[in-house]
Amino acid sequence: SLHNMGGADTWPIVAISYVYLRKNLTSLGDRACLLKAFLEYIISDEGQALLPAYDAVGVPAEVKAIAQAAINSLVMPTCTAWTFENSTTMQGTGQKDHVISEKRRDIAEYERSTLEASLATLSSRIALLEQTKMTLLDGSGTTNPSKFFWEVISLFEARARPPVKVTYRAVGSGTGQYEFIGTDNGFLPISQDFGSGDIPITASDYQALKGAGHEIIHYPFQMGAMSIFHNVPGMPKSGAGALNLTACVLAKIFKREIKTWDHSEIKALNPKLSVPAGQDIKVYHRVEGSSTTGGVTTYLHAACPSVWTATLVGSTITWPTDTYEAYGSGGMSSKLASTPYSIGYIDSGHGHADGLTEIALENKAGTYRTSLEAGAAGIAAAATEAIAASVMPTSPLADFSTVSLHNMGGADTWPIVAISYVYLRKNLTSLGDRACLLKAFLEYIISDEGQALLPAYDAVGVPNEVKSIANTALNSLVMPACTAWSFEGSSTMAGTGQSDHVISLKRRDYAEYDRGQLKARTVEYKENAKIQALEATIAQLTQQLAELKQKESSHETTEDKGKDNNNALGVAAIAMATPALAVSVAAMLVTLRIMNMASAARAGGGAGAQMIGSPQVAGTPVSAGVPPLDDDTAKGSAQEI
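Residues numbered from 1 in each chain as written. Predicted model: local features only at pLDDT ≥ 70, side-chain atom pairs only at ≥ 80, totals over all residues. Heavy atoms only, no water.

Before going further, it helps to spend a moment on the overall build of the protein. In terms of helices and strands, the protein carries 20 helices and 18 strands. Counting over 641 residues, the protein shows a buried share of 39%. Of the roughly 33,800 Å² of accessible surface on the protein, 55% is carried by carbon and sulfur atoms. (Helix = DSSP H or I, 4+ residues; strand = E, 2+ residues; numbered from the N terminus. Buried < 20%, exposed > 50% of the residue type's maximum accessible area, 1.4 Å probe, protein only. Areas by Shrake-Rupley, 256 points an atom, 1.4 Å probe, with all protein chains shown as cover.)

In structure tokens:
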């Protein structure tokens with residue numbers, strides 16, 4: 001028995017196989033010599049080498065000695081012994097009788113060996129392909145986080161080893177939900193690994209998926225503010241002196257129950273507001289279904305249900321006939337910017353990026369704030385308050401259909417807030433390797449590094465209470481057998497960082513690096529003190545000009561006073577033109593500087609490339625490059641004007 005033998009590395013449960021023989025083989029005649037050859041072969045090096053293919057192990061030298069002693073002790077009859085011809089050719093002798101020759105084969109044995117060699121080669125190639133294969137991941141849904149997703153995708157594709165390919169198709173929340181739910185596809189997603197939307201899955205769809213055996217997850221990852229903007233001349237863009245409105249007054253404006261800017265309810269909230277008598281309010285609204293329309297109408301109903309009824313809530317509603325249409329966020333921004341005394345709604349970041357003037361809304365606590373004043377903390381507070389009030393579930397597997405972050409409590413809470421979700425199935429086993437890549441993607445977008453990317457896209461990261469929901473979601477996923485991805489951050493993981501399935505901050509591509517450099521320079525120019533001072537001067541002069549226009553339209557109608565006003569308007573216009581032109585030149589210098597950097601980058605460094613055939617800017621030779629925009633540069637531009 002070879003069981004439970006001694007030795008530090010000895011396996012304790014071992015079997016050994018025997019051939020049973022009679023010592024005296026004389027009765028076998030010629031068969032005895034063939035049997036002896038068979039016995040010699042199975043303990044030879046060549047014979048023993050065949051055993052591992054059949055999950056067996058050859059015998060050690062001590063056991064070979066026993067076998068050889070057995071062969072030597074056999075009593076043989078008179079028969080011709082067999083010999084072996086191996087890889088070394090035995091000329092003449094090898095062709096004689098009673099020779100077992102490696103050179104002599106049949107087609108079946110040859111083809112088996114060829115197939116075995118091919119299979120070994122294929123196995124090696126498959127192993128190599130497994131190491132270098134590209135993992136794919138595909139998502140679709142809301143347009144709001146699309147740029148954020150695309151940047152994360154770019155980072156993953158640059159940093160991942162082995163390579164990955166991720167796509168996100170920005171088609172809107174409705175399409176994202178349709179392709180995630182898969183009602184017409186047996187409640188299976190339509191060529192989609194994850195969906196995304198700014199609205200929760202409806203109660204009916206949630207129940208339908210649950211009835212089909214699919215537990216789903218809402219994975220919250222970003223927040224954003226929706227705001228009301230106007231174009232009443234002379235008003236500050238935000239802060240002190242901003243136009244104040246309550247939800248009920250705003251509802252009456254959008255319903256056209258309040259039609260003029262000098263209406264008593266508006267004046268009561270803004271006693272210093274100075275507008276022409278009977279000045280019409282031009283109301284703009286989105287068309288063709290908009291999540292912003294859905295958010296604003298939900299807020300109006302939540303904050304003032306007596307005026308804005310439930311029938312007026314939705315992404316598309318019936319607006320009064322004397323309101324005006326705007327197509328898309330860009331169309332709304334353009335209409336508001338070009339139409340004096342207009343009002344409309346748009347996501348906060350977009351509106352401020354386009355220089356629109358925001359209304360200070362009264363929140364549930366009675367505080368008037370613009371979204372700029374509320375800031376990221378005031379926007380995130382909407383989710384914190386919603387969780388505290390049990391408006392938002394703490395389990396990502398729960399029904400989120402009634403979740404709304406509009407008109408939440410809190411002194412500084414912004415009242416119109418959207419939250420974006422990734423839609424997931426709890427069971428990801430059908431995704432194979434994609435599941436582990438998806439989990440890494442989800443981990444990254446709520447990490448500190450991922451959340452820090454959001455402000456560049458006019459979005460806000462989620463508070464800790466919401467991160468907790470997201471982490472619960474990650475922990476509840478049912479995963480297939482796949483290799484988890486890990487992250488190498490600023491601290492180098494020597495050796496490990498170069499392994500497979502690592503997304504490394506140290507691994508980049510040049511395009512991503514170059515974009516980062518251009519972004520940093522753009523921020524530097526935007527924060528230039530001289531440009532900011534000039535912009536503040538223009539805003540101040542714009543307000544003064546509006547006040548002068550107001551005086552012109554008032555009771556001062558005498559010819560002399562009219563001349564005085566015209567003179568004042570002329571002076572103000574000239575005063576505005578000078579800094580405005582200075583800002584234009586400064587902006588032109590910024591643009592040329594960025595173009596120069598890009599040209600230098602494409603040329604591999606060095607001086608800026610000569611722009612053949614393009615006109616030169618006065619005082620700024622193109623071939624010399626554009627100097628950094630400092631105070632002297634800006635001052636010189638103003639002096640040239």
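Moving on: the pairing of strand β6 (residues 194–197). Neither face of β6 is open: one carries Phe194 and Ser196, the other Gly195 and Gly197, and all of them are buried. As paired strands, strand β3 (residues 135–141) and β6 are joined by three bridges and run parallel to one another. Across the sheet, the residue bridging to Ser140 is Gly195, located in β6. Relative to strand β15 (residues 417–425), β6 runs antiparallel, the two sharing three bridges. By the bridge assignment for β15, Ser196 is matched with Val422. (Pairing = 2+ DSSP bridges.)

On to the side chain of Ser101, then. Relative to the assigned elements, Ser101 resides in strand β2 (residues 99–101). Of the residues examined, Ser101 reaches a relative accessible area of 10% and is grouped as buried. Side-chain polar atoms of Ser101 contact the backbone nitrogen of Lys103, separated by 3.0 Å. (Polar contact = N/O pair within 3.5 Å; in protein donor to acceptor, adjacent residues only side chain to side chain.)

Here the focus is the pattern of salt bridges. With the rule as written, the count across this model stands at 15 salt bridges. Between Lys64 and Asp45 there is a salt bridge; the shortest N-O distance is 3.2 Å. One end of the pair, Lys64, is in helix α3 (residues 61–73); the other, Asp45, is in helix α2 (residues 45–48), with 19 residues separating them in the sequence. With a shortest N-O distance of 2.9 Å, Glu449 and Arg159 are connected by a salt bridge. One end of the pair, Glu449, is in helix α15 (residues 448–451); the other, Arg159, is in helix α5 (residues 146–159), with 290 residues separating them in the sequence. On the basis of relative accessibility, which here comes to 35%, the residue Glu449 falls in the partly exposed class. If you follow the salt bridges from partner to partner, you end up with Arg256, Lys259, Asp280 and Asp322 in one network. (Salt bridge = Lys/Arg side-chain N within 4 Å of Asp/Glu carboxyl O.)

Looking now at the sheet that holds strand β8 (residues 244–245). Remark on secondary structure: sheet strands pair via backbone hydrogen bonds, oriented parallel or antiparallel. Taken in spatial order, the three strands line up as β8-β13-β14 in an open sheet, and their pairing is mixed. The open sheet has two free edges, formed respectively by β8 and β14 (368–369), since each of these has just one partner strand. Looking at chain direction, β8 and strand β13 (residues 360–362) are connected through two bridges and run parallel. Paired with Asn244 across the strands is Ala360, a residue of β13.

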